[in-house]
Amino acid sequence: MRSRYSAYALGNVDYLLETQVSQDRAGVERFAREARFTGLEVLEAVDDVVEFLATFQVGSERHRLHERSRFELREGRWIYVDGTTPRSGPVRRETGPGRNDPCPCGSGKKFKKCCG
């Protein structure tokens, strides 16, 4: 999961397509190009399922993706098969960080004391 997140962040479309069942190259390229990834938290990894929370921005909108991804081990390599969104409520869309949120620049300071 972490390697796929890194590949999205770096725009490594070839790696993403090599490690997933679906071969929608245009969709993967568009998402990797438009989204700026800002964080990944692996919530649980059991057998072939990884539950994670990824944060990213598209333009000025911040997004959170909470997903349970299913993987299969094929020829020694983990391949993304599919994912479901847990029923924990709607995905929140925000326009920017709040004053007391950590600054998205990664400084570790509050947004209001850094870039805000």
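The structure contained in this document is the topic of the report that follows.

What counts, and where the lines are drawn
Residues numbered from 1 in each chain as written. Predicted model: local features only at pLDDT ≥ 70, side-chain atom pairs only at ≥ 80, totals over all residues. Heavy atoms only, no water. Helix = DSSP H or I, 4+ residues; strand = E, 2+ residues; numbered from the N terminus. Buried < 20%, exposed > 50% of the residue type's maximum accessible area, 1.4 Å probe, protein only. Contact = heavy atoms within 4.5 Å. Areas by Shrake-Rupley, 256 points an atom, 1.4 Å probe, with all protein chains shown as cover. Lys, Arg positive; Asp, Glu negative; His and termini not counted. Charge placed at Lys NZ, Arg CZ, Asp CG, Glu CD. Core = buried A, V, L, I, M, F, W, Y, C linked by side-chain atoms within 4.5 Å. Salt bridge = Lys/Arg side-chain N within 4 Å of Asp/Glu carboxyl O. Phe/Tyr/Trp six-rings, centres within 6.5 Å; stacked < 30°, edge-to-face > 60°.

### Concerning the overall build of the chain
A count of helices and strands for the chain gives three helices and four strands. Secondary structure elements of the chain, listed N to C terminal, follow the sequence α-α-α-β-β-β-β. Once the C-alpha set of the chain is aligned to its principal axes, its extents read approximately 50 × 30 × 25 Å. Expressed as a percentage of its 116 residues, the buried residues of the chain come to 29%. Relative to all contacts within the chain whose residues are 6 or more apart in sequence, the contacts with residues 24 or more apart total 28%. Here the chain displays about 7,800 Å² of accessible surface, and carbon together with sulfur accounts for 47% of that area. In the chain, 20 positive and 17 negative side-chain charges are present, and the distance between their average locations comes to 11 Å.

### Concerning the nonpolar core
Across soluble globular proteins, nonpolar side chains show a tendency to be buried alongside one another. Tyr8, Val13, Leu16, Val28 and Phe37 are the most contacted members of the largest nonpolar core, which totals 13 residues. Every element with two or more residues in this core is listed here: α1 (2–10), α2 (13–18), α3 (25–34), β1 (35–46) and β2 (49–58). Discounting residues that sit within four places of it in the chain, Val13 has contacts with Arg25, Val28, Glu29 and Ala32.

### Regarding the pattern of salt bridges
By the definition in use, this model includes seven salt bridges. In this structure, Glu51 engages Arg68 in a salt bridge whose closest nitrogen and oxygen atoms are separated by 3.2 Å. One end of the pair, Glu51, is in strand β2; the other, Arg68, is in strand β3 (residues 61–74), and 17 residues separate them in sequence. As a salt-bridge pair, Arg74 and Glu72 come within 2.8 Å of each other at their nearest N and O atoms.

### Overview of the packing of aromatic side chains
For the structure shown, the criterion picks out seven aromatic pairs. Ring centres 5.6 Å apart and planes at 85° place the aromatic pair Phe31 and Phe37 in the edge-to-face group. Centre to centre, the rings of Phe71 and Tyr80 are 5.8 Å apart; their planes meet at 70°, and the pair counts as edge-to-face. Each member of the pair Phe71 and Tyr80 is classed as buried. What links up through ring pairs into an aromatic cluster is the set Tyr5, Tyr8, Phe31, Phe37 and Phe56.

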